[in-house]
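# Coordinate analysis (summary)
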2 protein chains.
Amino acid sequence: MIIICNRQDLLKAVGTVSKAVSIRTTMPILEDILLEAGGETLTLLGNDLELGIQTSIDAVVKEEGSIAVNARMFSEIIRRLPDEDVKLSTGSDSHNMTIDCARSTFTVATLPGDDFPRLPEVASEHQIMISQMVLRDMIGQTIFSIAPENSGRPILTGELMDVRDGYLYLVAVDGFRISMRRTKVQSDQNFKVTVPGKALTEINKILETEEDSVATISFTGKHALFTMNNTIVLTRLLEGQFLNYQRNLSMDFSSKVIVDKQELLDSVDRAALISRESKNSPIRLDIQDKTMLITSNAENGTAHEEVPIELEGNGLTIAFNPKYYLDALKAVSDEKIEILYSSALTPCIIQATEGEDYKYFILPIRLHN
Amino acid sequence: MIIICNRQDLLKAVGTVSKAVSIRTTMPILEDILLEAGGETLTLLGNDLELGIQTSIDAVVKEEGSIAVNARMFSEIIRRLPDEDVKLSTGSDSHNMTIDCARSTFTVATLPGDDFPRLPEVASEHQIMISQMVLRDMIGQTIFSIAPENSGRPILTGELMDVRDGYLYLVAVDGFRISMRRTKVQSDQNFKVTVPGKALTEINKILETEEDSVATISFTGKHALFTMNNTIVLTRLLEGQFLNYQRNLSMDFSSKVIVDKQELLDSVDRAALISRESKNSPIRLDIQDKTMLITSNAENGTAHEEVPIELEGNGLTIAFNPKYYLDALKAVSDEKIEILYSSALTPCIIQATEGEDYKYFILPIRLHN
């Protein structure tokens, strides 16, 4: 393989595919990335067998071929090279590759490209298209409430992608809360799959923020394939039955508070300072006619906050883990939000004052006093 | 104590004195800061008994008094308050303090101010004045080569401040290299003291970057007192005999290389990538008539760099720990620097092409081949 390419393009591509490279593995080749030259293109691939990321850049290909090189080492070298064209060339034995750029020459150990695991061929059963910017927002606004890896409920370490009646619902559940964002999509069929949280986290970094960039997502029984411009991400799906979140999100509530999102966020954030000191201690919301009092108590202090609200229905005293409120409020960009509730022992929902494009369902904490 | 002050001023002051607060200590009060109200001033003090930092801000003092409050908690609260005036008030028993700001009220546990260790009175024996900006540069350009805490040579964990013949020399030595920066100061007497590295690191964060801000440094047998605007830093001095660095820095050299600093820095940085993989492997400099070749070899690859130079004297092959070169080159702002050397087994010095205001003395590594 002998190619010449632009350093900036190469650096960006290496950064992208490196997100699928294993850090610790018993198969050393999974710490590599595959470089494959053909036509007028250099294709790069990282693959930890759960998640594969492939991208391609323009290159002058003088000799076709493929090679696997340590991702970290290669990326560190390319990052430090001066901003001139980079030449990559391998000898006939594939045991090493020479990197030439300006007055710098590196030789690094490599493995034959044929030893590297390619992405499996997948046959698409369903396909949707979605604005990259919207998908990026949706992931960012829900991913924080997936269950941790050690939760004992593997299915909840991913997010449900539920395509139903012209909407894509993206849903994350950790047992104490449900975070849901939806957007309109074109699809004749209804279907649902669960995508691993790690894959969504990495996809989120690749998604572009330009208004008109589109991502295509293809689903098979076992995989989802995200195509974004020159980059594809293939992830395994999680198997099992996801929580029936629809029932929870369509509950009826007797009361409603409308509040300035930033004021509530700042006040909960301050009150949580006191509760954080004694681990997991709840903050208490006293919902009154025109004011919400937010208080917390711990051995080292107390906090007392007042936030003006509009109330429809009944006042109430209710307690929450402040982290769940903070995560939801930070994810929302609206100025005003509404909180729906019925009693101190039943869940509340945070949502937009208009429409139902996001819902944060949060279980309360029982107060001991 | 009852006072009202500006939140921004308070936040900055708390941040400053918190740098002298113990993180883990068997004396819980050392995790506190002292707040002391008198006249029209609130004075704040952090003191871990090695290092004390005191600063003061304007305040409306309604009732004089003093109190010790947990530094971390207090600082987190002030950081999150809205940007309005802050009122601090303590009850008569000193067991807690109320923090009021807009619609937020906090109560935090406190201890009586009299329990907090004040700074000792120190009688100044020597005094110098120096531009804060210059002192900041001098510390930043030398502190990286103090010996680590576990080096077994406590005196070298500090920097020597050597006031001699109208200059302040700031010197750091770790056994493999010497870093020296000097500047002109007014002083009738010659004297030297060793200031702990930690104190200089914290002082560096307090020093201002404005051209005309001046720091006054007073020395006693046991302490140094740095005064910068409203802030004073008192540090214990290290006891013992510092290395006689002058002898090393005034050696004669037979050859000299003049080189572009940034080019050398970038090339060593790249070559070090290979050597970093196999720990502590040296980079090799082949100094030739118009070119320096920089090479490194490890089991996973090789690097080869060429840097144009001007040579006066003899060519040479010599090896170094690349970290020592990188630290020195990063600290220097000159475009061109010179490297002085005599042989592959004796030290080299990196210095300015004009003047002797900084010198980096670096021991070579013996090559095994």
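Moving on: the overall build of chain A. Helix and strand content of chain A: seven helices and 25 strands. Expressed along its principal axes, the backbone C-alpha trace of chain A runs to roughly 80 × 50 × 35 Å. Across the 369 residues that make up chain A, the buried fraction comes to 54%. Long-range contacts, defined as pairs at least 24 residues apart, comprise 66% of the intrachain contacts of chain A with a sequence gap of at least 6. Taking the average place of the 36 positive charges on the side chains of chain A and the average place of its 53 negative ones, the gap between the two points comes to 5 Å.

So, on to the packing of helix 3 (residues 132–140) of chain B against helix 4 (residues 197–206) of chain B. Residue and element names in this part refer to chain B. At a minimum axis distance of 9 Å, the contact between helix 3 and helix 4 shows a crossing angle of 140 degrees. By the angle class used here, helix 3 and helix 4 are oblique. Handedness of the helix 3/helix 4 crossing: left-handed. Where helix 3 abuts helix 4, its residues Q132, R136, I139 and G140 lie against L200, I203, N204 and I206.

Turning next to the side chain of T90(B). Residue and element names in this part refer to chain B. Within the fold, T90 resides in strand 7 (residues 86–90). Note on T90: relative accessible area 13%, which makes it buried. At a separation of 2.8 Å, a polar atom in the side chain of T90 contacts the main-chain amide nitrogen of M1. Excluding residues within four positions of it along the chain, T90 makes contact with M1, I67, N96 and M97.

Let us look at the interface of chain B and chain A. Contact with chain B, which involves 30 residues of that partner, is made by 30 residues of chain A. Interface area for chain B against chain A, summed over the two sides, is near 2,500 Å², with a carbon-plus-sulfur share of 49%. The three residues of chain B that bury the most area against chain A are R80(B), R103(B) and R270(B), which together make up 26% of that side's buried surface. Viewed at the interface, chain A and chain B are joined by four salt bridges. The salt bridge involving D269(A) is made with R80(B); its shortest N-O contact spans 3.0 Å. Remark: the boundary between chain B and chain A carries 18 residue pairs in polar contact (both at pLDDT 80 or more). If you list the elements that add at least two residues to the side of chain B that touches chain A, you get helix 2 (71–80), strand 9 (104–112), helix 6 (261–277) and strand 21 (301–312) of chain B. Here the side of chain B that touches chain A takes eight residues from helix 6 of chain B, the largest share from any one element. With five bridges connecting them, strand 9 (residues 104–112) of chain A and strand 21 of chain B associate as antiparallel partners. Residue pairing for strand 21 of chain B: F106(A) is matched across the bridge by A303(B).

Residues and elements named next belong to chain A. As enumerated under the stated definition, the model contains 14 aromatic pairs over all chains in all. Note on F144 and Y360: the rings are 6.1 Å apart at their centroids and 25 degrees apart in plane angle, and the pair reads as stacked. Note that F144 is positioned in the loop between helix 3 (132–140) and strand 11 (158–164) and Y360 in strand 25 (residues 358–362), a separation of 216 residues in sequence. Taking the relative accessible area as the measure of exposure, F144 reaches 23% and is therefore partly exposed.

With that out of the way, let us pick up helix 2 of chain B. Structural remark: α-helix, 3.6 residues per turn; residues separated by three or four positions point the same way. Residues and elements named next belong to chain B. For helix 2, the buried fraction is high: seven of the 10 residues fall into the buried class. Those residues of helix 2 not exposed but buried are A71, M73, F74, S75, E76, I77 and I78. Among the residues of helix 2, the N-terminal cap falls to N70, whose side-chain oxygen and the backbone nitrogen of R72 are separated by 3.2 Å.

What follows concerns the relation of the copies chain B and chain A. Expressed as a screw operation, the relation of chain B to chain A combines 0.0 Å of axial shift with a rotation of 180 degrees, fitting to an RMSD of 0.0 Å. The superposition of one copy onto the other is thereby described by a two-fold rotation axis. Closest to the rotation axis within chain B is the C-alpha of I23(B), separated from it by 16 Å. When the interface residues of chain B are mapped onto chain A, 100% of them again fall at the interface, so both copies present the same face.

Here we come to the environment of H304(B). Tracing the sequence through the fold places H304(B) in strand 21. Taking C-alpha positions, H304(B) is 60 Å from D58(B), a pair spaced 246 residues apart along the chain. Beyond its immediate stretch of four places on either side in the chain, H304(B) contacts R103(A), S104(A), T105(A), L293(B), I294(B) and T295(B).

On to helix 1 (residues 7–18) of chain A, then. Across its 12 residues, helix 1 of chain A extends 16 Å between first and last C-alpha, which sits within 8% of the 16 Å expected from 1.5 Å per residue. Measuring from the side-chain oxygen of the N-cap residue of helix 1 of chain A to the backbone nitrogen of Q8(A) gives 2.9 Å; that N-cap residue is N6(A).

Quick look at the confidence of the model for chain A now. Parts of the prediction with low pLDDT should not have their coordinates interpreted in detail. Here chain A shows a mean pLDDT of 94. Residues at 70 or above account for 98%. For this predicted complex, the interface score ipTM comes out at 0.88, alongside a pTM of 0.91.

This part is about the pattern of salt bridges. On inspection of all chains with the given rule, the structure shows 38 salt bridges over all chains. Residues R118(A) and E36(A) are paired through a salt bridge, measuring 2.9 Å at the closest nitrogen-oxygen approach. Here E36(A) lies in strand 2 (residues 32–38) and R118(A) lies in the loop between strand 9 and strand 10 (126–131), a separation of 82 residues in the sequence. Since its relative accessible area comes to 36%, R118(A) is described here as partly exposed. Between E76(B) and R80(B) there is a salt bridge; the shortest N-O distance is 2.6 Å. Note that E76(B) and R80(B) are positioned in helix 2 at a spacing of four residues, about one turn of the helix. Taken together, the salt bridges that share partners define one network made up of E76(A), R79(A), R80(A) and D269(B).

Another point: empty space enclosed by the protein. All names here are of chain A. Taken as a whole and judged by the stated rule, the model has one cavity of 30 Å³ or more. Here the largest cavity is characterised by a volume of approximately 30 Å³. Around the largest cavity sit L285, I287, M292, I318, F320, Y325, I339, Y341 and C348, which together line it. Among the secondary structure elements, those contributing two or more residues to the lining of the largest cavity are strand 19 (283–287), strand 22 (316–320) and strand 23 (336–341).

Residues and elements named next belong to chain A. Here L249 is to be found in helix 5 (residues 245–249). It is 9.8 Å that separates the C-alpha atoms of L249 and C348, two residues lying 99 residues apart in sequence. Excluding residues that lie within four positions of it along the chain, L249 makes contacts with I178, M180, I349, K359 and F361.

Both trends apply: most residues other than glycine have a negative phi, and most peptide bonds are in trans. Although it is not a glycine, L49(B) sits at a positive phi angle of roughly 80 degrees. Tracing the backbone through its elements, the reader meets L49(B) in the loop between strand 3 (41–47) and strand 4 (51–58).

Okay, the pairing of strand 6 (residues 65–70) of chain B next. Regular strands show a simple pattern: their side chains alternate between the two faces of the sheet. Residues and elements named next belong to chain B. Pairing between strand 2 (residues 32–38) and strand 6: six bridges, direction antiparallel. Its bridge partner lying in strand 6, I33 is registered against V69. Of the strand pairs in this sheet, strand 6 and strand 9 are connected by three bridges, and their pairing is antiparallel. Counterpart to A68 in the pairing with strand 9 is L111.

Okay, the pairing of strand 18 (residues 255–260) of chain B next. All names here are of chain B. In terms of strand pairing, strand 18 meets strand 23 (residues 336–341) through six bridges, oriented antiparallel. Paired with V259 across the two strands is I337, which belongs to strand 23. Across four bridges, strand 18 lies against strand 21 in antiparallel orientation. Directly across from V259, in strand 21, lies its bridge partner I309.

Each value, and the rule that gives it
- Residues numbered from 1 in each chain as written.
- Chains lettered and ligands numbered in written order.
- Predicted model: local features only at pLDDT ≥ 70, side-chain atom pairs only at ≥ 80, totals over all residues.
- Heavy atoms only, no water.
- Helix = DSSP H or I, 4+ residues; strand = E, 2+ residues; numbered from the N terminus.
- Buried < 20%, exposed > 50% of the residue type's maximum accessible area, 1.4 Å probe, protein only.
- Contact = heavy atoms within 4.5 Å.
- Lys, Arg positive; Asp, Glu negative; His and termini not counted.
- Charge placed at Lys NZ, Arg CZ, Asp CG, Glu CD.
- Axes fitted to C-alpha atoms, helices over the stretch in contact; angles between N-to-C directions.
- Parallel < 35°, antiparallel > 145°, perpendicular 65-115°, else oblique.
- Left-handed = near helix turned anticlockwise from the far one by under 90°.
- Polar contact = N/O pair within 3.5 Å; in protein donor to acceptor, adjacent residues only side chain to side chain.
- Buried area = accessible area lost by both parts, 1.4 Å probe.
- Salt bridge = Lys/Arg side-chain N within 4 Å of Asp/Glu carboxyl O.
- Pairing = 2+ DSSP bridges.
- Phe/Tyr/Trp six-rings, centres within 6.5 Å; stacked < 30°, edge-to-face > 60°.
- Least-squares fit on C-alpha atoms with pLDDT ≥ 70 in both.
- Expected span 1.5 Å × (residues − 1).
- pLDDT = per-residue confidence, 0-100.
- 1 Å grid on protein atoms, 1.4 Å probe; cavity = no way out; pocket = protein on both sides within 12 Å on 5 of 7 lines; lining within 4 Å.
- Points joined across faces, edges and corners; volume = space filled by probe spheres on them.

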